[in-house]
Amino acid sequence: MAVEHLNGEGDGGMLQTFSSKALDGTGILGKKVEYVTGDTQTKPDAARASARSMIEKDGAIMVTGGSSSGVAVAVQALCQEAGIIFMAGLTHSNDTTGKDKKANGFRHFFNSYMTGAALAPVLADRYGSDRKAYHLTADYNWGYTTEEAVRNSTEALGWETVAAVKTPLSQTDFSSYVAPVLNSGADVLVLNHYGGNMVNSLTSAVEFGLRAAQANGKNFEIVVPLYSRLMAKGAGKNVAGIFGTTGWHWSLENTAGSRYAGTNAFVKSFGEKYGFPPSQAAHTCYCQTLLYADAVQRGGSFNPCSVIEALEGFEFDGMGNGPTLYRAEDHQCIKDVLVVRGKENPANDFDLLELVDVTPAEAVTFDPAIFGGELGSCNPGA
Amino acid sequence: MSGNLALETHAPAYLSVHDIHAYYGESYIVQGVSFNVHEGEILALLGRNGAGKTSTLRTIARLDNPELLKGEIWLDHKNLHSMKSYEAATNGIALVPEDRRIISGLSVEENIQLAQIAEPVGWGLDRIYSLFPRLGERRKQEGTTLSGGEQQMLSIGRALARDIKVLLLDEPYEGLAPVIVDEIEKTLNVIKEQGITTVIVEQNAVRALELADRSVILDTGGVVFDGTAKEVLDNSELRAEYLAI
Amino acid sequence: MDQIILQVLNGLDKGSAYALIALGLTLIFGTLGVVNFAHGALFMLGAFCAITFSRILSLSHVVIDETQKDFLGNPLKVDVPHIYDWFGESAGQAIINWSVPLAILFAIPVMIIIGVIMERGLIKHFYKRPHADQILVTFGLAIVLQEIVKYYFGANQIPNPAPEAFIGSFDFGAAIGLKAGTIIYPYWRIVYFCFAMLLIGSVFAFLQFTTFGMVVRAGMADRETVELLGINIDKRFTIMFGVAAAVAGLAGVMYTPINPPNYHMGMDFLVISFVVVVVGGMGSLPGAVAAGLLLGILESFASMRQVIEALPGINQVVIYLAAIVILLTRPRGLMGRKGVMED
């Protein structure tokens, strides 16, 4: 849909609310935009192969999308080698703009650290600071950094981490991992899981009575650090009352005000085209595409080095997240983070989450040096 | 050769085996065997170990091995050589194998009932138990727990439970004590009185010859003698050469 | 102590699924002598039978409800299932609610047909071929089936909930006299275990107490002799393939509330089921069932936190380790017939 809007078709979507007016619907630098798609199968090898084919055979000059940090890190490295720009899609691990950062890569979506920083104060406020947490963590880079972020930020506020167990990424039946939680001495279960993992582990946790249970004299609680509405849909009623974070939500402008202008424009375009509201994944990919196009237009060239220069330090607004900075040191967008909770009585399938708090960008800003890694220099390619 | 001509020249008798060649994989075991058995006759198929007697019986019973690659087998004017083993069985062939092959997990009675599932059915349970009272006593017992002699009775009883035209007996006396052999021999006499055409393969050649009407002797896969049983019993040179007795 | 009971329960219901699949595999190997690597796919197809059935039940037409609005502010379009029109809303809701158990009726004939087609169409040509060929062909078939399902149903898992009456858990600890709240176990998993035992019992009863079953048992023990008695065992074995397919399919149908089905669940279960069959003893039906339950429990225990802390990663390899140990010490498996697979 982003491509359509760039080429001047459709209703223009966020092009109208975007703070930069460099794009005007005539393509990029006057050229029409085309695209090809590939299936990463959430596997880094498959993603690399697909991306390589798109670069070499189809002549792609920018790659975006992907729904896993394993995939993102792999494809980002490939794009750096190949000298094209990578505008990451859905990737939440610190590593993507942390230890695995690359000059040709950019990430708009927020990361694990920001989740921890936004979530912990709300959790301490609602659940108290005398809590014992049990972590179930997906066994790959995203799981690790999310667990680390939540642990660090909650422990700083007084929580104790009773246990942290890794679960295989391909696991579908979490019953044997969930069963021992109730008697472990913990009173909070943190699910560092995404996608199918989260739907299954959460359903298991509820099935085993964790939601209704008591431990240490308090109500047992479950926390899902990274939410998405699609996952919430898969888990259905089980998400009621469960806290987590998201980068964006389709109802944001209506519930939190005009700071988040751009949201409704995007929801309207997407909703009319596809019949259902967009997810945060769709939002980030749409934004990334527009941001890339805009950077090319402003820099006057498709050369990756020119694009990189145009994006580094770029401040923008009107894309649904409020004022945002594309930081030069690590190519990470710094913006507000939403703390959400599953609704007790959702009105419909798309109304499953309610906004609890918005953590401003300043509160989630971190020193890029804490994750190490080197950007390196831009690779303009052939 | 056309069907009818073949029938007349190759199938003059009730059971006609005409120039059969059978292989176990690459091994050429039955090397051009031919003989005829008339209705109601008992034929003793004799020879040293490895002469191909068991293989000949298995070929007639149309088992998968040895494989019949050339030759014809006719039973009561029916073309047996293009049939599978279960078809041959429903057309009147019954093989009582060398190792008895009582089916484990089934009782004595179930073993017999198994034989009565496919048409045409022969003797009923009562008749079989009156011929073999010991089977009747052990009817609910697991078949494989019977003694060697009892298993042999069960194997023969199973064959009789079907309405058969030719009974093929492979070493019915093997491994049995003389007293038991006597019992089995009595049963075989009863079967002889019933007029059931029989081919009997037996290491104990003398016993077999006393029961049989005619005899065929095999040596390394081929026929070396075809005549009456009395001829073999009387000819000690013949016996020494091909039967080592 | 309650930890142990909990893990045993957990192992029993996963082990039941393993046992059911292994039972079918052993039936097929014991009768047809075929190593059927497509059996996991049958489990998967059963699960998708349940999904298809519930989708059929939910076929609806759109009704515009002016009193409610959707997310764009337009009048809300509500899907009303045709079933509501035919049976009334409450009966219709009840039928859809019970779609998983009702799917059993739908799945049995479908799976038998699929099994017979698979056997007559492909597998029967491989009876006399070496086991390696059979493995290649059936594995290839499994992949094809998997991709077909992925094409039609998408790559994401599809939830299929249990009837409302069985959602939620009950206090198992209290039921057996322990302190309340110590052992809580979901209803449906217990239902699944009971269902699996019932199904296994039925198969054994069928084999033990019917004439057809007797012939099949005889054929498994000594095929040649059964044919010498005039019985065309191939026809009966084809039917047993259909039965084995139905057993795997039903295992899949009832498993859908436990784990939302996706296209690769067949593969996930297949490898473990083969380990189960080998550990239980190729050709032994009771061995397959016992090994399935035991390995399920073993896997459950290996997922306990204390065990993982002592031996990191053990949960992913424990089943294979157990298989290696058993095969080194007793190659025929726990209850296998001597000589099978020992060459």
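Further up the page is the structure itself.
The rules behind each value
- Residues numbered from 1 in each chain as written.
- Chains lettered and ligands numbered in written order.
- Predicted model: local features only at pLDDT ≥ 70, side-chain atom pairs only at ≥ 80, totals over all residues.
- Heavy atoms only, no water.
- Phe/Tyr/Trp six-rings, centres within 6.5 Å; stacked < 30°, edge-to-face > 60°.
- Helix = DSSP H or I, 4+ residues; strand = E, 2+ residues; numbered from the N terminus.
- Buried < 20%, exposed > 50% of the residue type's maximum accessible area, 1.4 Å probe, protein only.
- Lys NZ or Arg CZ within 6 Å of the ring centre and 35° of its normal.
- Expected span 1.5 Å × (residues − 1).
- Polar contact = N/O pair within 3.5 Å; in protein donor to acceptor, adjacent residues only side chain to side chain.
- Disulfide = S-S within 2.5 Å.
- Pairing = 2+ DSSP bridges.
- Contact = heavy atoms within 4.5 Å.
- Axes fitted to C-alpha atoms, helices over the stretch in contact; angles between N-to-C directions.
- Buried area = accessible area lost by both parts, 1.4 Å probe.
- Salt bridge = Lys/Arg side-chain N within 4 Å of Asp/Glu carboxyl O.
- Nonpolar A, V, L, I, M, F, W, Y, C, P; charged D, E, K, R; others polar.

(A) Quick look at the packing of aromatic side chains. Inspection of every chain in the model, using the stated rule, returns 31 aromatic pairs over all chains. Considering the side-chain rings of A:Phe266 and A:Tyr286, the 4.5 Å spacing of their centres and the 40° angle between planes classify their relative orientation as tilted. Separated by 20 residues along the polypeptide, A:Phe266 in helix H10 (residues 263-274) and A:Tyr286 in helix H11 (residues 280-299) bring together distant segments of the chain. With respect to class, A:Phe266 is no different from A:Tyr286; both count as buried. Here the aromatic residues A:Trp248, A:Phe266, A:Phe270, A:Tyr274, A:Phe276 and A:Tyr286 are joined through ring pairs into a cluster of three or more. The side chain of B:Arg127 reaches across the aromatic face of B:Trp123, ending 3.9 Å from its centre.

(B) Layout of helix H11 (residues 233-255) of chain C. Residues and elements named next belong to chain C. In a regular helix each residue adds 1.5 Å, so 23 residues correspond to 33 Å; H11 covers 33 Å between its end C-alpha atoms and thus fits that length. Within H11, 18 of the 23 residues are buried, which leaves it mostly tucked inside the rest of the structure. Backbone nitrogen of Asp234 and a side-chain oxygen of the N-cap are separated by 3.3 Å at the start of H11; the cap is Asn232.

(C) Fine view of the state of the cysteines. All names here are of chain A. Using the criterion set out here, one finds one disulfide over all chains in the structure. Disulfide pairing is shown between Cys305 and Cys378; the S-S distance is 1.8 Å. With the S-S dihedral at roughly 90°, the linkage between Cys305 and Cys378 falls on the right-handed side. Of this pair, Cys305 sits in helix H12 (residues 304-311) while Cys378 sits in the segment after helix H13 (361-364), and the two are 73 residues apart along the sequence. Here Cys79 stays free of any disulfide, with the sulfur of Cys285 as its closest cysteine sulfur at 14 Å.

(D) Region of the structure containing the sheet that holds strand E11 (residues 314-316) of chain A. Residues and elements named next belong to chain A. The strand order across the open sheet built from three strands is E11-E12-E13, with neighbouring strands paired in antiparallel fashion. The open sheet has two free edges, formed respectively by E11 and strand E13 (333-334), since each of these has just one partner strand. Strand direction decides the pairing type here: strand E12 (residues 324-326) and E13, joined by two bridges, are antiparallel. Note on E13: the bridge partner recorded for Leu325 is Ile334. Contacting E11 and E12, H11 crosses the sheet at an angle of about 125° to E11.

(E) Inspection of the interface of chain A and chain C at higher detail. Taken together, the contacts link 33 residues of chain A with 30 residues of chain C. Buried surface at the junction of chain A and chain C, summed over both partners, amounts to about 2,500 Å²; 51% is from carbon and sulfur atoms. For the chain A face of the interface with chain C, the top three residues by lost area are A:Ser176, A:Glu207 and A:Phe208, together amounting to 22%. Our count for the chain A to chain C interface comes out at two salt bridges. For the pair chain A and chain C, the interface holds nine residue pairs in polar contact (both at pLDDT 80 or more). With five residues, the single largest contributor to the side of chain A that touches chain C is helix H7 (residues 195-207) of chain A. Its residues assigned to classes, the side of chain A that touches chain C comprises 16 nonpolar, twelve polar and five charged.

(F) How the structure looks around the sheet that holds strand E6 (residues 93-96) of chain B. All names here are of chain B. Spatially, E6-E7-E8-E3-E9-E10 is the arrangement adopted by the six strands of the open sheet, whose pairing is mixed. The outermost strands of the open sheet, each flanked by one partner alone, are E6 and strand E10 (222-228). Direction aside, neighbouring strands of the sheet carry axes that sit 15° apart on average. Pairing between E6 and strand E7 (residues 166-170): four bridges, direction parallel. What sits directly across from Val96, in E7, is Leu169. Helix H11 (residues 236-243) rests against strand E3 (42-47), strand E9 (214-219) and E10 of the sheet, and its axis sits at about 40° to E9.

(G) Local environment of the interface of chain B and chain C. The interface of chain B with chain C comprises 23 residues on the first partner and 18 residues on the second. Surface buried jointly by chain B and chain C totals about 1,800 Å² across both partners, of which 64% is contributed by carbon and sulfur atoms. Residue C:Asp222 is joined to B:Arg101 by a salt bridge in which the shortest nitrogen-to-oxygen separation is 2.8 Å. Breaking the side of chain B that touches chain C down by element, the ones donating at least two residues are helix H3 (85-90) and helix H4 (108-115) of chain B. For the side of chain B that touches chain C, the class distribution of residues is eleven nonpolar, six polar and six charged.

By themselves, these observations are geometric and do not establish any function.
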